[in-house]
Amino acid sequence: MNPQFVVDGLVAGAMIGLGAIGVTLTYSILRFANFAHGEFITAGAYAALALSGLLGAFVGSVPVGDFSFGWNVLLAVPLAILVTGGLAILLDAILFGVLRAKASAVIILVIASFGASMALRSLLEFVFTSQPAYFTNELQIAVRFGWGLRATPDQLLMLAATLVLILAVHLLMTKTQVGRRMRAVSENPALARLSGIDVRGVVRTAWFLGGGLAAAAGIMAGLLVQIRPYMGFDLLLPLFAAAILGGIGSVPGAVLGGIVVGLCEALAVQTVGAEWRAAVAFLILTLVLLLRPQGLLGRARS
Amino acid sequence: MIEILGYAAFFLTIALSYAVIALGLNVQWGQTGLFNVGVAGFVGIGAYASAILTAPDAADRIGGFALPIPLGWVAAFAAAALASLALGWLTIRLRADYLAIATFGFAVTVQLAALNLEPLTGGPFGLGFIPRPFNGFAGDPLVFGLLNLALVALVLAFVWWVLERLVRSPWGRVLKAVREDEEAARALGKPVTRFRLQAFAIGGGIMGLGGALQAHFIGFIAPENYLPTLTFQVWTMLVVGGAGNNLGAVVGSVVVWGLWSGSSFLIGAAVDPADQARAAALQIVLIGVALCLILVLRPKGLLAEVLTHHRRPAGAQAQDRPATR
Amino acid sequence: MSVSQRPSSATPPILEVRGLVAGYEESLPIVRGIDLDVSPGEIVAVLGPNGAGKSTFVKAVAGVVPTFGGRVSLRGRDVTARPAHLRVSDGLAFVPQTENIFASLTILENLRLCAGILPAALRQPRIDAAFAMFPDLGSRPNLVAGALSGGQRQMLATARALIVDPAVLILDEPSAGLSPKLVHDVFETLERVRETGVAILLVEQNVRAALSIADRGVVLAEGRLRHAAPAAELRADPNLGALFLGSYDHAEATP
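Let me begin by describing the structure that accompanies this report.

What counts as what
Residues numbered from 1 in each chain as written. Chains lettered and ligands numbered in written order. Predicted model: local features only at pLDDT ≥ 70, side-chain atom pairs only at ≥ 80, totals over all residues. Heavy atoms only, no water. Helix = DSSP H or I, 4+ residues; strand = E, 2+ residues; numbered from the N terminus. Rg over C-alpha atoms; globule rule 2.2 N^0.38 Å. Buried < 20%, exposed > 50% of the residue type's maximum accessible area, 1.4 Å probe, protein only. Contact = heavy atoms within 4.5 Å. Buried area = accessible area lost by both parts, 1.4 Å probe. Salt bridge = Lys/Arg side-chain N within 4 Å of Asp/Glu carboxyl O. Polar contact = N/O pair within 3.5 Å; in protein donor to acceptor, adjacent residues only side chain to side chain. Nonpolar A, V, L, I, M, F, W, Y, C, P; charged D, E, K, R; others polar. Pairing = 2+ DSSP bridges.

Notes on the overall build of chain A
Logical step 1: A tally of regular secondary structure across chain A gives 11 helices and 2 strands.
Logical step 2: Secondary structure elements in chain A, listed N-terminal to C-terminal, are α-α-α-α-β-β-α-α-α-α-α-α-α.
Logical step 3: Its C-alpha atoms give chain A a radius of gyration of 19 Å, near enough to 19 Å, the size a compact globule of 302 residues would have.
Logical step 4: Its C-alpha atoms put chain A at 55 × 45 × 35 Å along the principal axes.
Logical step 5: Each of the 302 residues in chain A was classed as buried or not, and the buried ones make up 58%.
Logical step 6: The long-range fraction of contacts in chain A, counting pairs at least 24 apart against all pairs at least 6 apart in sequence, stands at 75%.

Let's talk about the interface of chain C and chain A
Logical step 1: The partner chain A presents 17 residues to the 21 residues of chain C that form the contact.
Logical step 2: Roughly 1,800 Å² is buried in total at the junction of chain C and chain A, and carbon and sulfur atoms are behind 60% of that figure.
Logical step 3: For chain C, the biggest contributors to the area lost against chain A are His85(C), Phe102(C) and Leu113(C); these three give 35% of the whole.
Logical step 4: Where chain C meets chain A, there are 1 salt bridge.
Logical step 5: Counting the contacts that link chain C with chain A gives 7 residue pairs in polar contact (both at pLDDT 80 or more).
Logical step 6: Going through the elements one at a time, α2 (84-90) and α3 (107-115) of chain C are the ones with two or more residues in the side of chain C that touches chain A.
Logical step 7: Here the side of chain C that touches chain A gets 4 residues from one element, more than from any other, and that element is α3(C).
Logical step 8: Looking at the side of chain C that touches chain A, its residues break down into 13 nonpolar, 4 polar and 4 charged.

Looking at the pairing of strand β6 (residues 92-95) of chain C
All names here are of chain C.
Logical step 1: Neither face of β6 is open: one carries Leu92 and Phe94, the other Ala93 and Val95, and all of them are buried.
Logical step 2: Alignment of β6 against strand β7 (residues 168-172), held across 4 bridges, turns out to be parallel. Among the inter-strand pairings, Leu92 is bridged to a residue of β7, identified as Val168.

Everything listed is a geometric property; what it means functionally is a separate question.
So this is what it looks like as structure tokens:
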């Protein structure tokens, strides 16, 4: 067996893990499965594409070092993260927040997220068309390691960036007041309120974080593959599988779950064939629900 | 005139086959409060099961047993019901939205299987030559159309009648009790999980039957018929009609299918062919926004109050139940 | 302690409730017009039969149950429209009956979380003060709170509420589910808290224990205040038992 699937799987898994952190955070704080999360990924990628196009006029788009993209893309990343985080907050303000205020059942929120997913995705398709788009047309030469392994400089940068982001989120959740507040609200919103915490503020923070991380994952997917209106929706099942495999509410779990899903997908591509990739996440999901519904790092409850 | 009549029959036949699917979803969601995001998967399973069993033999494919159409419909119901049973058994005891995620994954996988199991499903090219009821009258489109409309309406009426009987049966009363107060039903020793599982399987089976109806009416199926857009359409039909009442599901299906095909027709006629894909995207945006608006402004459905001023929509209680914790 | 030790009516009340109407549905209020004053350093026990609205009453004061009429004032300021989380910074702390700690956070994290609304310079001193008051908690700050026993949980819940240095502390059935020894410990703690000038509003089923530390008792029935008396007087009342059969107010209402 060609060990290259480990590199491919790790890169894909890192991306899935980033997206799954957002799923697990919003799920544990808002208590519903947000089917529009995939569209945050897509929106983030398109936001970065549009912004990098704009910035290209000022800073040019000559590739930086060995990477395939220029400063215009690098500068667009933080902006796209902000925009997508803002989009998530906006969607909560005009849709989910209104439904929560009316004390709607969880499932109504899930249906609404389904409708929002459809609308957002089609809106992006309307604006950007269904033609695939790319951040750059530059080709890259892969770096070879031992054992027949190879990776492009872009892939290595993605891995490093993911590692930094994951570490940052982990520290945020465990060491800061913002993180403690999010954990408190996810465990018991009523008690959080009685502890002087503005729950609505925490909810906005969670949306912003989830949307921002989704944008980061979307930009990675866009750099490594391509940007399409369905890119996020197609990632939704792997994201859910990763979040549930890791244990809902657990940030390290989401990352671990993402890497497992990414590796399994890469292995399946090599052994079974690329056309069955999308079924891997469903298989993993089925196994987790069958054997350990609380997930690898989750607490047993519900 | 005859052309318009023929088109009306065609339109209504499709709309009523959607109504069958919406009735299936209504059993799961409206009557039982179970959220299925994989409607397209169950519809697809039914369509393919019936098509494979009834289509004539073909050299390059497994299947093609040329069985009678009614047998295909029974198989469609059974296959989709079994799939629902398996999926429900896996997730129904867990959080409410785990079922949603699992059904979503199921639909993705069914579509993938339809695309890749080429020897069985025809792969991306789909399955043709699915026998059409009353094919002997195909020479006269109007008669053919009206006969098919009558057949689909008959199946719809039969499903409706069975469901109304079920709701009034002891089984339906337990289901109602489960919906209104799960703890109390449990305390009375009712096997709550088994009742919900049965309802989920029956609903899934009806969706499969609906899928088979459509397949046999059109005579051709392909994987792209069973994308999440289908799930979204059926949900919109149920939400517009008002979950929990069968009349709402049927009226919602006709109204939403009318809007959908009407706006598609307008786009086809008025928009430059180069821009039609984008216009179609805008169409989905509008319907998605409309669905969200209905959920926010009229969560019991647009038609529920008009249609059921004398009885309370059964879905109301299901929606009041907190789903987790 | 004797009744005369209580703050006299000359001390202005720190918590003033006037005509409070509250519940979960406006058409069906559970609290139907209650007046109550509590002064600094005073312990008031809220008593009454099951379903009298005791718990709903204190939750409405804390802002977690919707209020449909009347007024709640804290330090002379109307807080009726303030959401629950802002009433905490106004000086009102509430300890719910169950799920009153964050089980997935450590002891220290529980306290730090609640100290978050204080100015930065005050946080550590308040946490130190809490650990000084509850040495049991201070000895293992990094223990996950979910691992604590029932009595320790009640301690942490009280410490959690006190961390913001509230003017009014409200406890909903703090003795529920605890052994007599632990009930004694909890109530002893409340006496110490009272000595720092905090006003305490205490909902209790354990009437004898509550009246042993309270200055006054108020009896609720059907969402209304039926009787208010010094604790000593209630303790001596032979009809006290009847209170919880729901017949006490009935006997009073019939001349």
